[in-house]
Amino acid sequence: MEKLIITAAITGSRITRETTPYIPITPEEIIQSAFECWEAGASVVHIHVRDPDTGLGTQDLDLFRQVVEPLREKTDLILCLTTSGIPGRNLPIEERLAPLELKPELASFDAGSINLGGSVFVNSPEFLERAARKMKNMGVKPELEIFDLGMIITCLRMRDEGKLDEPLHFQFVLGTPWGAPASPRSFLHLHEYIPVNSTWSVIGIGKGHLPMSMMALVMGGHIRVGMEDNIYYSKGVLAKTNAQFVERIVRITGEYGRGIATPDEARRILRIT
Ligand code: ZN
(Lines give C-alpha, C1' and ligand atoms only; values in the text may rest on other atoms or scores of the structure.)
Protein backbone atom coordinates (compact mmCIF):
# COMPACT_ATOMS: atom_id res chain seq x y z
CA MET A 1 0.00 0.00 0.00
CA GLU A 2 1.24 3.50 -0.81
CA LYS A 3 2.35 5.70 2.05
CA LEU A 4 -0.35 7.96 3.50
CA ILE A 5 -0.59 11.58 2.42
CA ILE A 6 -1.90 13.90 5.12
CA THR A 7 -3.39 17.17 3.94
CA ALA A 8 -3.98 19.91 6.51
CA ALA A 9 -6.82 22.33 5.74
CA ILE A 10 -5.73 25.20 7.93
CA THR A 11 -8.64 27.62 8.07
CA GLY A 12 -11.25 27.47 5.28
CA SER A 13 -13.39 30.53 4.65
CA ARG A 14 -16.26 30.52 7.11
CA ILE A 15 -15.31 29.63 10.66
CA THR A 16 -14.82 32.76 12.76
CA ARG A 17 -13.31 33.55 16.14
CA GLU A 18 -16.81 33.45 17.63
CA THR A 19 -17.00 29.76 16.75
CA THR A 20 -13.51 28.87 17.94
CA PRO A 21 -10.79 31.19 19.27
CA TYR A 22 -8.14 28.89 17.78
CA ILE A 23 -8.92 29.39 14.07
CA PRO A 24 -5.96 30.93 12.18
CA ILE A 25 -7.01 34.19 10.48
CA THR A 26 -4.02 36.41 9.65
CA PRO A 27 -1.33 35.41 7.12
CA GLU A 28 1.14 35.00 10.00
CA GLU A 29 -1.21 32.66 11.86
CA ILE A 30 -1.92 30.63 8.72
CA ILE A 31 1.82 30.31 7.98
CA GLN A 32 2.62 29.28 11.55
CA SER A 33 -0.12 26.65 11.61
CA ALA A 34 0.91 25.25 8.21
CA PHE A 35 4.52 25.10 9.41
CA GLU A 36 3.51 23.15 12.53
CA CYS A 37 1.48 20.73 10.42
CA TRP A 38 4.47 20.18 8.12
CA GLU A 39 6.69 19.45 11.13
CA ALA A 40 4.05 17.02 12.41
CA GLY A 41 3.95 15.04 9.15
CA ALA A 42 1.56 16.74 6.72
CA SER A 43 2.81 16.81 3.13
CA VAL A 44 0.06 19.00 1.68
CA VAL A 45 -1.55 22.14 3.06
CA HIS A 46 -4.85 23.38 1.71
CA ILE A 47 -4.81 27.16 1.85
CA HIS A 48 -7.51 29.80 2.16
CA VAL A 49 -6.82 33.36 3.25
CA ARG A 50 -9.02 35.74 5.23
CA ASP A 51 -10.09 39.34 4.71
CA PRO A 52 -8.48 41.27 7.59
CA ASP A 53 -11.62 43.41 7.98
CA THR A 54 -14.34 40.76 7.98
CA GLY A 55 -12.32 37.71 9.03
CA LEU A 56 -14.07 35.74 6.27
CA GLY A 57 -12.55 34.08 3.20
CA THR A 58 -11.28 36.17 0.29
CA GLN A 59 -9.58 35.35 -3.01
CA ASP A 60 -7.26 38.36 -2.77
CA LEU A 61 -4.09 37.45 -4.66
CA ASP A 62 -1.80 39.58 -2.48
CA LEU A 63 -2.96 37.85 0.67
CA PHE A 64 -2.37 34.46 -0.96
CA ARG A 65 1.11 35.63 -1.96
CA GLN A 66 1.83 36.67 1.63
CA VAL A 67 1.16 33.09 2.74
CA VAL A 68 2.55 31.17 -0.24
CA GLU A 69 5.97 32.82 -0.51
CA PRO A 70 7.14 32.19 3.07
CA LEU A 71 5.85 28.60 2.97
CA ARG A 72 7.80 27.98 -0.23
CA GLU A 73 10.92 29.42 1.38
CA LYS A 74 10.69 27.58 4.70
CA THR A 75 9.14 24.22 3.76
CA ASP A 76 8.87 21.66 0.96
CA LEU A 77 5.10 21.40 1.45
CA ILE A 78 2.82 20.82 -1.52
CA LEU A 79 0.48 23.81 -1.63
CA CYS A 80 -3.15 23.28 -2.60
CA LEU A 81 -4.80 26.67 -3.07
CA THR A 82 -8.56 27.04 -2.93
CA THR A 83 -10.66 28.19 -5.85
CA SER A 84 -13.89 28.01 -3.88
CA GLY A 85 -13.91 31.56 -2.53
CA ILE A 86 -16.56 31.62 0.14
CA PRO A 87 -19.27 29.03 -0.51
CA GLY A 88 -22.70 30.67 -0.52
CA ARG A 89 -21.30 34.09 -1.44
CA ASN A 90 -20.42 32.86 -4.94
CA LEU A 91 -17.69 35.26 -6.04
CA PRO A 92 -17.08 36.03 -9.75
CA ILE A 93 -15.24 33.24 -11.57
CA GLU A 94 -12.18 35.35 -12.34
CA GLU A 95 -11.79 36.20 -8.66
CA ARG A 96 -12.11 32.57 -7.62
CA LEU A 97 -9.39 31.52 -10.06
CA ALA A 98 -6.97 34.32 -9.12
CA PRO A 99 -4.76 32.17 -6.80
CA LEU A 100 -3.81 30.00 -9.80
CA GLU A 101 -1.50 32.85 -10.84
CA LEU A 102 0.84 31.63 -8.08
CA LYS A 103 1.13 28.26 -9.87
CA PRO A 104 0.48 25.98 -6.90
CA GLU A 105 1.06 22.27 -7.45
CA LEU A 106 -2.57 21.54 -6.54
CA ALA A 107 -5.79 23.57 -6.51
CA SER A 108 -9.26 22.61 -5.37
CA PHE A 109 -11.85 21.98 -8.10
CA ASP A 110 -15.40 21.76 -6.72
CA ALA A 111 -16.99 19.53 -9.30
CA GLY A 112 -20.61 20.73 -9.14
CA SER A 113 -23.16 22.81 -7.29
CA ILE A 114 -24.74 21.82 -3.99
CA ASN A 115 -26.82 23.26 -1.16
CA LEU A 116 -24.62 23.82 1.89
CA GLY A 117 -26.91 24.39 4.84
CA GLY A 118 -28.90 27.52 4.06
CA SER A 119 -27.02 28.58 0.93
CA VAL A 120 -26.12 27.33 -2.52
CA PHE A 121 -22.50 26.65 -3.41
CA VAL A 122 -22.53 27.40 -7.13
CA ASN A 123 -20.04 25.64 -9.39
CA SER A 124 -21.66 26.19 -12.78
CA PRO A 125 -20.68 24.35 -15.97
CA GLU A 126 -19.02 27.60 -17.08
CA PHE A 127 -16.96 27.75 -13.87
CA LEU A 128 -15.86 24.13 -14.27
CA GLU A 129 -14.84 24.67 -17.91
CA ARG A 130 -12.86 27.80 -17.10
CA ALA A 131 -11.25 26.32 -13.98
CA ALA A 132 -10.16 23.18 -15.85
CA ARG A 133 -8.76 25.21 -18.74
CA LYS A 134 -6.84 27.61 -16.52
CA MET A 135 -5.41 24.82 -14.35
CA LYS A 136 -4.23 22.99 -17.46
CA ASN A 137 -2.65 26.18 -18.85
CA MET A 138 -0.90 26.96 -15.56
CA GLY A 139 0.29 23.38 -14.97
CA VAL A 140 -1.78 23.02 -11.78
CA LYS A 141 -3.22 19.62 -10.87
CA PRO A 142 -6.92 19.81 -9.95
CA GLU A 143 -7.97 18.23 -6.66
CA LEU A 144 -11.49 17.11 -7.59
CA GLU A 145 -13.75 17.82 -4.61
CA ILE A 146 -16.69 15.41 -4.62
CA PHE A 147 -19.78 16.12 -2.54
CA ASP A 148 -22.08 13.69 -4.35
CA LEU A 149 -22.13 11.17 -7.17
CA GLY A 150 -23.07 13.55 -9.98
CA MET A 151 -19.80 15.38 -9.40
CA ILE A 152 -17.80 12.22 -10.20
CA ILE A 153 -19.86 11.75 -13.36
CA THR A 154 -19.06 15.37 -14.29
CA CYS A 155 -15.32 14.75 -13.84
CA LEU A 156 -15.43 11.57 -15.93
CA ARG A 157 -17.20 13.45 -18.72
CA MET A 158 -14.61 16.22 -18.60
CA ARG A 159 -11.85 13.60 -18.70
CA ASP A 160 -13.47 12.04 -21.78
CA GLU A 161 -13.57 15.50 -23.37
CA GLY A 162 -9.85 15.98 -22.71
CA LYS A 163 -10.40 18.75 -20.14
CA LEU A 164 -9.11 16.81 -17.12
CA ASP A 165 -6.05 14.58 -17.38
CA GLU A 166 -5.57 11.16 -15.80
CA PRO A 167 -4.57 10.07 -13.29
CA LEU A 168 -7.38 11.99 -11.57
CA HIS A 169 -7.06 12.95 -7.91
CA PHE A 170 -10.32 12.98 -5.93
CA GLN A 171 -11.05 14.55 -2.56
CA PHE A 172 -14.33 13.17 -1.15
CA VAL A 173 -16.16 15.70 1.03
CA LEU A 174 -18.63 13.81 3.19
CA GLY A 175 -20.96 14.97 5.91
CA THR A 176 -21.73 18.52 4.74
CA PRO A 177 -25.23 19.79 5.58
CA TRP A 178 -26.83 18.10 3.59
CA GLY A 179 -24.69 16.40 1.02
CA ALA A 180 -23.55 12.78 0.93
CA PRO A 181 -23.23 11.58 4.54
CA ALA A 182 -19.94 10.63 6.19
CA SER A 183 -20.86 6.95 6.43
CA PRO A 184 -19.09 3.84 5.12
CA ARG A 185 -22.04 2.99 2.87
CA SER A 186 -22.11 6.45 1.31
CA PHE A 187 -18.35 6.51 0.83
CA LEU A 188 -18.11 3.01 -0.69
CA HIS A 189 -20.86 3.84 -3.14
CA LEU A 190 -18.97 6.92 -4.38
CA HIS A 191 -15.62 5.14 -4.40
CA GLU A 192 -16.96 2.50 -6.81
CA TYR A 193 -17.30 5.13 -9.50
CA ILE A 194 -13.75 6.50 -9.67
CA PRO A 195 -11.25 5.09 -12.19
CA VAL A 196 -8.93 2.45 -10.72
CA ASN A 197 -5.81 4.45 -11.56
CA SER A 198 -7.05 7.47 -9.52
CA THR A 199 -5.63 8.70 -6.26
CA TRP A 200 -8.04 9.82 -3.57
CA SER A 201 -8.34 11.39 -0.17
CA VAL A 202 -11.29 11.89 2.14
CA ILE A 203 -12.68 14.67 4.29
CA GLY A 204 -15.18 13.75 6.97
CA ILE A 205 -16.88 16.92 8.16
CA GLY A 206 -17.26 17.34 11.93
CA LYS A 207 -17.84 14.05 13.71
CA GLY A 208 -17.30 12.23 10.39
CA HIS A 209 -13.60 13.09 10.53
CA LEU A 210 -12.23 10.01 12.31
CA PRO A 211 -14.57 7.39 10.79
CA MET A 212 -13.79 8.54 7.24
CA SER A 213 -10.07 8.87 8.03
CA MET A 214 -10.01 5.25 9.22
CA MET A 215 -11.65 4.08 6.00
CA ALA A 216 -9.01 5.90 3.96
CA LEU A 217 -6.25 4.43 6.14
CA VAL A 218 -7.28 0.81 5.56
CA MET A 219 -8.37 1.23 1.93
CA GLY A 220 -5.16 2.86 0.71
CA GLY A 221 -6.54 6.36 0.35
CA HIS A 222 -5.29 9.59 1.87
CA ILE A 223 -6.60 11.83 4.65
CA ARG A 224 -7.42 15.50 5.05
CA VAL A 225 -7.56 16.96 8.55
CA GLY A 226 -7.90 20.47 9.91
CA MET A 227 -10.11 23.20 11.24
CA GLU A 228 -11.67 23.96 7.85
CA ASP A 229 -13.50 20.63 8.20
CA ASN A 230 -13.70 19.96 11.91
CA ILE A 231 -12.96 22.17 14.90
CA TYR A 232 -13.36 19.52 17.63
CA TYR A 233 -10.52 17.27 18.69
CA SER A 234 -12.97 15.07 20.57
CA LYS A 235 -16.59 15.36 21.62
CA GLY A 236 -17.11 18.88 22.96
CA VAL A 237 -13.37 19.64 23.07
CA LEU A 238 -12.09 22.26 20.62
CA ALA A 239 -8.79 21.57 18.88
CA LYS A 240 -6.18 24.18 19.87
CA THR A 241 -4.00 23.64 16.80
CA ASN A 242 -4.26 22.02 13.39
CA ALA A 243 -1.08 20.08 14.15
CA GLN A 244 -2.96 18.13 16.84
CA PHE A 245 -5.05 16.51 14.13
CA VAL A 246 -1.96 15.68 12.06
CA GLU A 247 -0.18 14.19 15.08
CA ARG A 248 -3.13 11.92 15.87
CA ILE A 249 -3.29 10.54 12.31
CA VAL A 250 0.49 10.00 12.33
CA ARG A 251 0.18 8.03 15.60
CA ILE A 252 -2.72 5.85 14.42
CA THR A 253 -1.11 5.24 11.03
CA GLY A 254 2.16 4.25 12.69
CA GLU A 255 0.40 1.75 14.95
CA TYR A 256 -1.43 0.37 11.92
CA GLY A 257 1.87 -0.08 10.11
CA ARG A 258 1.46 2.22 7.12
CA GLY A 259 4.11 4.83 6.34
CA ILE A 260 3.53 8.57 6.17
CA ALA A 261 4.47 10.20 2.85
CA THR A 262 6.97 13.04 2.83
CA PRO A 263 6.12 15.90 0.47
CA ASP A 264 8.40 14.44 -2.23
CA GLU A 265 6.86 11.01 -1.81
CA ALA A 266 3.43 12.63 -2.06
CA ARG A 267 4.51 14.32 -5.32
CA ARG A 268 5.38 10.94 -6.75
CA ILE A 269 2.14 9.32 -5.52
CA LEU A 270 0.06 12.18 -6.96
CA ARG A 271 2.15 12.30 -10.17
CA ILE A 272 2.93 15.98 -9.80
CA THR A 273 6.70 15.74 -10.16
ZN1 ZN B 1 -11.14 24.72 1.25
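Reading guide: rules and limits
- Residues numbered from 1 in each chain as written.
- Predicted model: local features only at pLDDT ≥ 70, side-chain atom pairs only at ≥ 80, totals over all residues.
- Heavy atoms only, no water.
- Donors = N, O, S within 2.8 Å, 3.2 Å for Na, K, Ca; no water.
- Tetrahedral: all angles 85-135°; square planar, octahedral: opposite > 155°, others 65-115°.
- Helix = DSSP H or I, 4+ residues; strand = E, 2+ residues; numbered from the N terminus.
- Pairing = 2+ DSSP bridges.
- Axes fitted to C-alpha atoms, helices over the stretch in contact; angles between N-to-C directions.
- Contact = heavy atoms within 4.5 Å.
- Core = buried A, V, L, I, M, F, W, Y, C linked by side-chain atoms within 4.5 Å.
- Buried < 20%, exposed > 50% of the residue type's maximum accessible area, 1.4 Å probe, protein only.
- Parallel < 35°, antiparallel > 145°, perpendicular 65-115°, else oblique.
- Left-handed = near helix turned anticlockwise from the far one by under 90°.
- Nonpolar A, V, L, I, M, F, W, Y, C, P; charged D, E, K, R; others polar.
- Expected span 1.5 Å × (residues − 1).

Brief notes about the coordination of the zinc ion
Argument step 1. In the first shell of the zinc ion, the protein supplies His46 (NE2), His48 (NE2), Glu228 (OE) and Glu228 (OE), at 2.1 to 2.8 Å from the metal.
Argument step 2. Around the zinc ion sit four donor atoms, and with donor-metal-donor angles ranging over 51 to 131° the site reads as irregular.
Argument step 3. Mapped onto the polypeptide sequence, the residues donating to the zinc ion form the spacing pattern H-x1-H-x179-E. Of the two residues, His48 sits in the loop between β2 (44-47) and β3 (49-50) while Glu228 sits in the loop between β12 (222-225) and β13 (232-234), which places them 180 residues apart along the sequence.

Overview of the sheet that holds strand β1 (residues 6-9)
Backbone hydrogen bonds are what pair the strands of a sheet, in a parallel or an antiparallel way.
Argument step 1. With parallel pairing, the eight strands of this closed barrel are ordered in space as β1-β2-β5-β6-β9-β10-β11-β12. Across the sheet, the mean angle from the axis of one strand to that of its neighbour is 25°, orientation sign disregarded.
Argument step 2. Here β2 pairs with strand β5 (residues 78-81) via four bridges, running parallel. The partner of Val45 across the bridge, within β5, is Leu79.
Argument step 3. Against the sheet, helix α4 (residues 125-138) touches β6 (106-110) and β9 (141-146), its axis set at about 165° to β6.
Argument step 4. Across the sheet, helix α7 (residues 209-219) is in contact with β10 (169-174), β11 (199-204) and β12; its angle to β11 comes to roughly 160°.

Some words on the nonpolar core
Argument step 1. The biggest cluster of nonpolar side chains holds 75 residues, and the ones touching the most others in it are Val45, Ile47, Phe109, Phe170 and Phe172.
Argument step 2. Excluding residues within four positions of it along the chain, Phe109 makes contact with Thr83, Leu128, Ala131, Ala132, Met135, Pro142, Glu143, Leu144, Glu145, Met158 and Leu164.
Argument step 3. Counting 10 residues, the second largest nonpolar core, distinct from the first, contains Leu106, Ile269, Leu270 and Ile272.

Re the packing of α4 against helix α5 (residues 149-160)
Argument step 1. Direction vectors running N to C along α4 and α5 enclose 50°, while the axes themselves pass 12 Å from each other. If you check the angle between α4 and α5, you find them oblique. Once α4 is placed against α5, the crossing between them reads as right-handed. Listed contacts from α5 to Leu128, Glu129 and Ala132 of α4 are Thr154, Arg157 and Met158.
Argument step 2. Each residue belonging to the contact of α4 with α5 can be placed in one class, and the counts come to three nonpolar, one polar and two charged.

A short note on α4
Argument step 1. Here α4 contains 14 residues, and its C-alpha end-to-end distance of 20 Å stays within 8% of the 20 Å for a straight helix at 1.5 Å per residue.
Argument step 2. All of the buried residues along α4 are Phe127, Leu128, Ala131, Ala132, Lys134 and Met135.
Argument step 3. The secondary structure elements touched by the buried residues of α4 are α3 (93-97), β6, β9 and α5.

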